[in-house]
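The lines below spell out each chain.
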Amino acid sequence: MRAIIVEDEPLSVEELIVSLREVAPDIEVVATAGTIAEAERVIESTPHDLLFMDIRLGDGKSFDIFNRTKVSAPVIFITAYDNYALKAFENQGIDYLLKPFGEEDLRRAISKLGLLTGVAQPSASTPTPSRPSYQERFLVHMGARMRSVTVCEVAYFLSEGKYLHLITHDNKDYIVDKSLSEMSEKLSPDTFFRINRRLIISFESIQEMIRYSGSRIKVILHPSLPDGEEALVSADRVGDFRKWLNR
């Protein structure tokens, strides 16, 4: 399946391409456009089956594209604003994703293509791979720069307020655009374990474990948590944590 991305922020384009590789590797991004005029030319000249459109572009709103050229492919709108949903669905929209969105949101939106095109989506009777696919790299931002961090570099993920920190074994701290719950679905349970509501740790980050307050467990991590915070396994997770360590 061929897709065009209409988005005026290069970092957002790159993030969407990376997410599509994980969520729907059969979708090929054949072109991108950053303005209404450029989108008009690309849509008319490039064969495609799907459009991803930001709504606010540098030279207007992407709805203007529909007045300038024929858009026949389904559109997944991606925007930071929640007040355009009705108009989006009036203009070929099959879904409306609010930034920042997770890969599960993107997967759900793409699955709607099956209802529109008649292509069967996986069901209970459809064979599925025996082993799930887990994330191997994480795109992180450092101001205007970007870096891809491999999963083997990750010591732990720490949730602080609305931010999720990725901490590497060499104590580098990056912000990841996901929630802790979303991240836990992307990580291999062979390597990572969520010990409490704020912390997912890798096995390699564990230096020592200490009995703490009855049946609970205190985990000594490297690198250590900021401000002397303790890594405590929640009481309701201790049993599963012991099984994870003893597999």
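Residues numbered from 1 in each chain as written. Predicted model: local features only at pLDDT ≥ 70, side-chain atom pairs only at ≥ 80, totals over all residues. Heavy atoms only, no water.

Student: What am I meant to see in the overall build of the protein chain here?
Tutor: Summing up its helical and strand segments, the protein chain has seven helices and 17 strands in all. Within the protein chain, the proportion of its 247 residues that are buried is 43%. A separation of at least 24 residues holds for 50% of the contacts in the protein chain among residues at least 6 apart in sequence. (Helix = DSSP H or I, 4+ residues; strand = E, 2+ residues; numbered from the N terminus. Buried < 20%, exposed > 50% of the residue type's maximum accessible area, 1.4 Å probe, protein only. Contact = heavy atoms within 4.5 Å.)

Student: Quick question: what am I supposed to make of the sheet that holds strand S10 (residues 154-160) here?
Tutor: What holds strands together in a sheet is hydrogen bonding between their backbones, with the strands either parallel or antiparallel. If you trace the five strands from one edge of the open sheet to the other, you get S12-S11-S10-S14-S13, paired in antiparallel fashion. Of all the strands in the sheet, the pair left with one neighbour each is strand S12 (173-176) and strand S13 (192-196). Ignoring strand direction, the axes of neighbouring strands in this sheet form an average angle of 25 degrees. Summarising the sheet, strand S11 (residues 163-168) and S12 pair through four bridges and their orientation is antiparallel. Paired with histidine 165 across the two strands is isoleucine 175, which belongs to S12. Across the sheet, helix H7 (residues 238-245) is in contact with S13 and strand S14 (199-202); its angle to S13 comes to roughly 155 degrees. (Pairing = 2+ DSSP bridges. Axes fitted to C-alpha atoms, helices over the stretch in contact; angles between N-to-C directions.)

Student: What is the right way to read the nonpolar core from this model?
Tutor: Side chains of a nonpolar character, in soluble globular proteins, are inclined to be buried together. Leu16, Phe52, Ile76, Leu106 and Ile110 are the most contacted members of the largest nonpolar core, which has 20 residues in total. Of all the elements in the fold, those that place two or more residues in this core are strand S1 (2-6), helix H1 (10-23), strand S3 (50-54), strand S6 (75-79), strand S7 (93-98) and helix H5 (103-117). Looking at this core, the element that brings in the most residues is H1, giving five residues. Of all hydrophobic cores here, the second largest spans 19 residues; its members include Val6, Ile36, Leu51 and Phe63. (Core = buried A, V, L, I, M, F, W, Y, C linked by side-chain atoms within 4.5 Å.)

Student: Help me understand the sheet that holds strand S17 (residues 231-233) in this model?
Tutor: Strand order in this open sheet of three strands is S15-S16-S17, and the pairing throughout is antiparallel. Of all strands in the sheet, those bounded by a partner on one side alone are strand S15 (206-212) and S17. For this sheet, the mean inter-axis angle between neighbouring strands, taken without regard to orientation, is 30 degrees. As paired strands, S15 and strand S16 (residues 216-221) are joined by six bridges and run antiparallel to one another. Residue pairing in the sheet places isoleucine 210 in a bridge with lysine 218 of S16.

Student: What should I look at first to understand the side chain of serine 62 in this one?
Tutor: Tracing the backbone through its elements, the reader meets serine 62 in the loop between strand S5 (60-61) and helix H3 (65-68). Residues contacting serine 62, with those up to four places away along its chain left out, are Met53, Asp54, Ile55, Leu57 and Phe77.

Student: Which parts of the structure should I look at to understand the packing of aromatic side chains?
Tutor: Think of a pair of aromatic rings as described by two things: how far the centres are apart, and how the planes are tilted against each other in angle. Going through the model one piece at a time under the given rule, you end up with eight aromatic pairs. Residues phenylalanine 193 and tryptophan 244 carry aromatic rings whose centres are separated by 5.4 Å and whose planes lie at 35 degrees to one another, so their mutual orientation is tilted. Placement of the pair is phenylalanine 193 in strand S13 and tryptophan 244 in helix H7, with a sequence separation of 51 residues. Both residues of the pair, phenylalanine 193 and tryptophan 244, count as buried. Both rings, one in phenylalanine 203 and one in tryptophan 244, keep their centres 6.0 Å apart while their planes meet at 75 degrees; by these two values the pair is edge-to-face. Of the two residues, phenylalanine 203 sits in the loop between S14 and S15 while tryptophan 244 sits in helix H7, which places them 41 residues apart along the sequence. Phenylalanine 203 gets classed as partly exposed once you look at its relative accessible area, which sits at 44%. Its relative accessible area of 6% is what places tryptophan 244 among the buried residues. Counting every residue linked through ring pairs, the aromatic cluster contains Phe193, Phe203, Phe241 and Trp244. (Phe/Tyr/Trp six-rings, centres within 6.5 Å; stacked < 30°, edge-to-face > 60°.)

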